[in-house]
Amino acid sequence: MEKQSSNLATQLIEGLCSFLRRCICAILSAGSLPRHVAFIMDGNRRYAKKEGLLEGDGHRVGFTALMNMLKYCYEMNVKYVTVYAFSIENFKRRPEEVQSTMQLIQEKIESLLEKESIVNQYGVRVHFIGNLKLLSKPVRLAAERAMNATAHNSTATLAICIAYTSTDEITNSVEEACKVKMDELGGNEIDSKELHIDVADVEKHMYMAVAPDPDIIIRSSGETRLSNFLLWQSASSLLYSPRALWPEIGFYHLVRAILDFQRNVTSLETKLKQS
Amino acid sequence: MLDMDFVHLATFLRWIESKALDLGDRMQKGYKRIWSSGDLGLYLLWLIMHLIVSIWYFAVDLVNSLESYLISSGFMKQYKDLDISKVRYLAVVLDSEEALDTMKVLELLRWLTVMGLRNVCLYDPEGVLKRSKDALSLWLRSEGANGDALVKQKYLNLEVISFTDGKHAVAKAANFLLKKHYVNADAEVPELTESDMADALAEIGYAAPEPDLMLIYGPVRCHLGFPAWRLRYTEIVHMGPLKSMKYGALIKAIRRYTMVRQNYGT
């Protein structure tokens, strides 16, 4: 009896929160909304330490926070969301930590393909962005399966950056641009004065060419650096660094970021036109 | 002493006036939008939400201004000892419109020199600062020469860049690599590594250090296209508009940087 009433109370509170969220979304949509929001999910390990959890559990709670943030973004009609899940630099961590993080990532990728997952609920197409060759075979296969399974979705896009750094992305796209140009030129002499490859050629081969440039980049835990994330694409992005650790992030922070974006959208748009 | 206080008070009052005018401007724009759309109630609520945010930022600005005044007047003891050597390379990103105010830029450079910084990189997207670089260097050198022997030793290593030093530099490096590695279609080309890219950028004259700290003077916290290759682990701090820059805020930003501990991914 008590359990039933506490369930009812939880449901009522959740219903109320959902209603309030929809009200705030409706009000915010009176102004321009961002098309693409990116998240740097920083602070899982610090959260685990703070709450006295095991290190891996920090990442699990972080995953729940991610699912919530995705839900809020898609409710707000943000069409593109990008998240920084695992950097190439993170491979330098202790092998046991890397192994357990990879296992968690594989488990969560597989959960995305389930029927009730957020991906199917909102018609999300999933892209895995990064140097996937650096991943172990089971993780890479799971990622490819997820990409194939969601390829037909077109309502929204989720880009998960895994084994990614911006400098690696730029290097890779320069390499691809060179290869394509070589094929085009077909062994003819290269005129050193002529610019065979321009900025548009390089941008065409970026891993992140699947989405427009981000409007807002949110990094949790209050750190103010980009840590090799979307350095090329963030030329006109608003950078927002709330002090909350990633598992503590919520709807309020998204609203704050969007309000900041709306305050500055005219000046950001002029910068976009110039670049 | 009394004159200085009067000047500070006048500047402060002028700043309050500009903020009030800004708020009035925003409200007027919002009011126009309400009448041009159908959904009156929603726009009204949106406007109220933004009004609350604007009041909040106004209050925060007020507190920050007070804090800056206290810091630069030397009342806050913890800001007295600043380990400036931790900032090996400083980048300053300026909104191109604000960069037109060369006198303000010069004042900022003067403050940085006084604080003991030696290597500064100025960036603005449109290249406005490149046009005033000669004037800035000349002024700085003349000030150094006019001062006493101690001041003469303080020189500033100034680098001035713009948007073309970012994405276009990478495109030029791509062309350089195309010629170097891919010209010979027979040879098996090894996979391009990040150090190859870094070497290519250096060969064509775009090798420059990565800044430790970046200060953004402009309306938005946005790096406006600063060269991506140099931005990996740079701490990015938004300082507000250039016209309302404060010495105390500069000290606070640098001190906060010296307290940061980076993991670099590990």
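Thresholds, definitions, all that
- Residues numbered from 1 in each chain as written.
- Chains lettered and ligands numbered in written order.
- Predicted model: local features only at pLDDT ≥ 70, side-chain atom pairs only at ≥ 80, totals over all residues.
- Heavy atoms only, no water.
- UniProt positions renumbered as here; feature names shortened; annotations may be inferred.
- pLDDT = per-residue confidence, 0-100.
- Contact = heavy atoms within 4.5 Å.
- Buried area = accessible area lost by both parts, 1.4 Å probe.
- Salt bridge = Lys/Arg side-chain N within 4 Å of Asp/Glu carboxyl O.
- Polar contact = N/O pair within 3.5 Å; in protein donor to acceptor, adjacent residues only side chain to side chain.
- Helix = DSSP H or I, 4+ residues; strand = E, 2+ residues; numbered from the N terminus.
- Nonpolar A, V, L, I, M, F, W, Y, C, P; charged D, E, K, R; others polar.
- Axes fitted to C-alpha atoms, helices over the stretch in contact; angles between N-to-C directions.
- Left-handed = near helix turned anticlockwise from the far one by under 90°.
- Buried < 20%, exposed > 50% of the residue type's maximum accessible area, 1.4 Å probe, protein only.
- Pairing = 2+ DSSP bridges.
- Expected span 1.5 Å × (residues − 1).

- Taking an unreviewed UniProt entry as the reference, chain A is identified by name as Alkyl transferase belonging to Salvia splendens.
- On record in UniProt, under Sequence similarities (unreviewed entry), the comment for chain A is "Belongs to the UPP synthase family."

## Let's talk about the confidence of the model for chain B
Then, number 1: For chain B, the average pLDDT comes to 84, and 87% of its residues sit at 70 or higher.
Then, number 2: For the stretch residues 148-153 of chain B, pLDDT sits under 50, and the model shows two contacts to residues farther than four places along the chain or on other chains.

## A short note on the interface of chain B and chain A
Then, number 1: Listed by partner, the interface residues are 54 residues for chain B and 59 residues for chain A.
Then, number 2: Summing the contributions of chain B and of chain A, the shared interface buries around 5,200 Å²; its carbon and sulfur component is 63%.
Then, number 3: Looking only at chain B, the three residues that lose the most surface to chain A are Lys167(B), Leu178(B) and Arg221(B), adding up to 13% of its buried area.
Then, number 4: Across the contact surface, chain B and chain A share two salt bridges.
Then, number 5: Across the chain B-chain A interface, the total number found is 21 residue pairs in polar contact (both at pLDDT 80 or more).
Then, number 6: Listed by contribution, the elements that provide at least two residues to the side of chain B that touches chain A are helix 1 (2-36), helix 2 (40-72), helix 7 (167-181), helix 8 (194-203) and strand 5 (235-240) of chain B.
Then, number 7: Ranked by residues supplied to the side of chain B that touches chain A, first place goes to helix 7 of chain B with 10 residues.
Then, number 8: Partitioned by chemical class, the residues of the side of chain B that touches chain A number 28 nonpolar, 12 polar and 14 charged.

## Remarks on the packing of helix 2 (residues 44-51) of chain A against helix 3 (residues 55-75) of chain A
A pair of packed helices is characterised by two quantities: the angle between their axes and the separation of those axes.
All names here are of chain A.
Then, number 1: Running from N to C, helix 2 and helix 3 point in directions that differ by 115°, and their axes come no closer than 7 Å. At the point where helix 2 passes helix 3, the crossing takes the right-handed sense. Where helix 2 approaches helix 3, its residues Asn-44, Arg-45, Tyr-47 and Ala-48 are matched on the opposing element by Glu-55, Gly-58, His-59, Val-61 and Gly-62.
Then, number 2: For the contact of helix 2 with helix 3, a count of residues per class yields three nonpolar, four polar and two charged.

## A short note on the pairing of strand 3 (residues 124-129) of chain A
Residue and element names in this part refer to chain A.
Then, number 1: Counting buried positions along strand 3 yields five of six residues, so the element is predominantly enclosed.
Then, number 2: Taken together, the six bridges between strand 3 and strand 4 (residues 156-164) define a ladder with parallel strand orientation. By the bridge assignment for strand 4, Arg-125 is matched with Thr-157.

## What to know about helix 2 of chain B
Then, number 1: For helix 2 of chain B, built from 33 residues, the straight-helix expectation of 48 Å at 1.5 Å per residue is met to within 8% by its first-to-last C-alpha distance of 47 Å.
Then, number 2: Count one or two residues on from helix 2 of chain B and you reach Gly74(B), which has phi positive near 85°.

## Some details on the sheet that holds strand 1 (residues 90-94) of chain B
All names here are of chain B.
Then, number 1: Taken in spatial order, the five strands make up an open sheet running 3-2-1-4-5, and their pairing is parallel. For this open sheet the edge positions go to strand 3 (157-161) and strand 5, each flanked by a neighbour on one side alone. The average angle at which neighbouring strand axes cross in this sheet is 20°, direction not considered.
Then, number 2: When strand 4 (residues 213-217) meets strand 5, the two strands line up parallel, connected through five bridges.

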